[in-house]
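Here's the letter readout for the chains.
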Amino acid sequence: LNTKAEMIFEDPNNPENNKYLIERTEYRIELQEIVSFSIRGVEKEFKGYLTNLSLSGGFIEVTQFEDVLKEDSMGTLFISEGRFPRAIAIDFTVMRTSAQKRPKGLGIRFEAISDAVLDLKNAFESNLLPNSLNDEKYFNIKRMQSIKLT
């Protein structure tokens, strides 16, 4: 479940500026799905957008980055029932964080490819979330405000 990455530029003063060449070996789905997640050892539920998905992980974009969101942290991603046949909970490890630039968020690796991950991938491939990249209900700032993400 690992993706090969080669550093092509290193900024010793600011690791956020490091550049990598990533060799993806699996299909990625671009989406904008509202999710919640928890980080082990932190008594708070976070909200964000799952903005891409593969069998091994994804990226969760957040509007406000908090210091407790750190690389190598373990957590659980929660996706509500509604557009999917059932609610989904997937354990993950934070592989990278992006706190200083847009998009702010977490690159996550799923701890196991489970039926939940396959259900999520299949829902997007089967168009169960029609027009998810253009319909404002998926990512409009007003929607974010209505669920108190901003």
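Before any of the text, the structure's been laid out above.
Residues numbered from 1 in each chain as written. Predicted model: local features only at pLDDT ≥ 70, side-chain atom pairs only at ≥ 80, totals over all residues. Heavy atoms only, no water.

**Some thoughts on the overall build of the chain**
Part 1: Across its full length, the chain holds three helices and eight strands.
Part 2: Order of helices (α) and strands (β) in the chain, N terminus to C terminus: β-β-β-β-β-β-β-β-α-α-α.
Part 3: Long-range pairs, those at least 24 residues apart, make up 54% of the contacts in the chain with a sequence separation of at least 6.
Part 4: A total accessible area of about 9,000 Å² is found for the chain, and carbon and sulfur atoms account for 46% of it. (Helix = DSSP H or I, 4+ residues; strand = E, 2+ residues; numbered from the N terminus. Contact = heavy atoms within 4.5 Å. Areas by Shrake-Rupley, 256 points an atom, 1.4 Å probe, with all protein chains shown as cover.)

**Describing the packing of aromatic side chains**
Part 1: According to the stated counting rule, one finds two aromatic pairs in the structure shown.
Part 2: Measuring from centroid to centroid gives 6.4 Å for F37 and F92, while their planes differ by 65°, and the two rings are edge-to-face. In this pair, F37 is assigned in strand β3 (residues 29-39) and F92 in strand β7 (residues 88-98), connecting sequence segments 55 residues apart. The same class applies to F37 as to F92, namely buried.
Part 3: Aromatic rings pair up to connect F37, F46 and F92 into one cluster. (Phe/Tyr/Trp six-rings, centres within 6.5 Å; stacked < 30°, edge-to-face > 60°. Buried < 20%, exposed > 50% of the residue type's maximum accessible area, 1.4 Å probe, protein only.)

**Thoughts on the environment of S56**
Part 1: Mapped onto the fold, S56 is located in the loop between β4 (45-53) and β5 (57-61).
Part 2: We classify S56 as buried; its relative accessible area is 7%.

**Considerations on the pairing of β7**
Part 1: Taken together, the six bridges between strand β6 (residues 74-79) and β7 define a ladder with antiparallel strand orientation. Bridge pairing links L77 to I90 in β7.
Part 2: Pairing of β7 with strand β8 (residues 105-110), which is carried by six bridges, proceeds in the antiparallel orientation. For T97, the partnering residue across the bridge sits in β8 and is L106.
Part 3: Hairpin remark: β7 followed by β8, antiparallel, with six residues in the connecting loop. (Pairing = 2+ DSSP bridges.)

**Here we look at the pairing of β3**
Part 1: Burial analysis of β3 places eight of its eleven residues in the buried class, which makes it a mostly covered element.
Part 2: Between β3 and β4, which pair antiparallel in sequence order, lie five residues; one of them, G41, sits at a positive phi of approximately 90°.
Part 3: Where β3 lies against β6, four bridges are found, and the strand directions are antiparallel. Looking at the pairing, F37 lines up with L77 of β6.

**Remarks on the pattern of salt bridges**
Part 1: Applying the stated criterion to the full structure yields four salt bridges.
Part 2: For D91, the salt bridge goes to R40, with nearest N and O atoms at 3.7 Å. Of this pair, D91 sits in strand β7 while R40 is found in the loop between β3 and β4, placing the two residues 51 residues apart along the sequence.
Part 3: Here D91 falls in the partly exposed class, since its relative accessible area comes to 37%.
Part 4: With a closest N to O distance of 2.4 Å, K44 and E66 form a salt bridge. Taken as a pair, K44 in the loop between β3 and β4 and E66 in the loop between β5 and β6 lie far apart in primary sequence, 22 residues in all.
Part 5: Looking at K44, the relative accessible area reads 38%, which means it is partly exposed.
Part 6: Judged by its relative accessible area of 23%, E66 is partly exposed. (Salt bridge = Lys/Arg side-chain N within 4 Å of Asp/Glu carboxyl O.)

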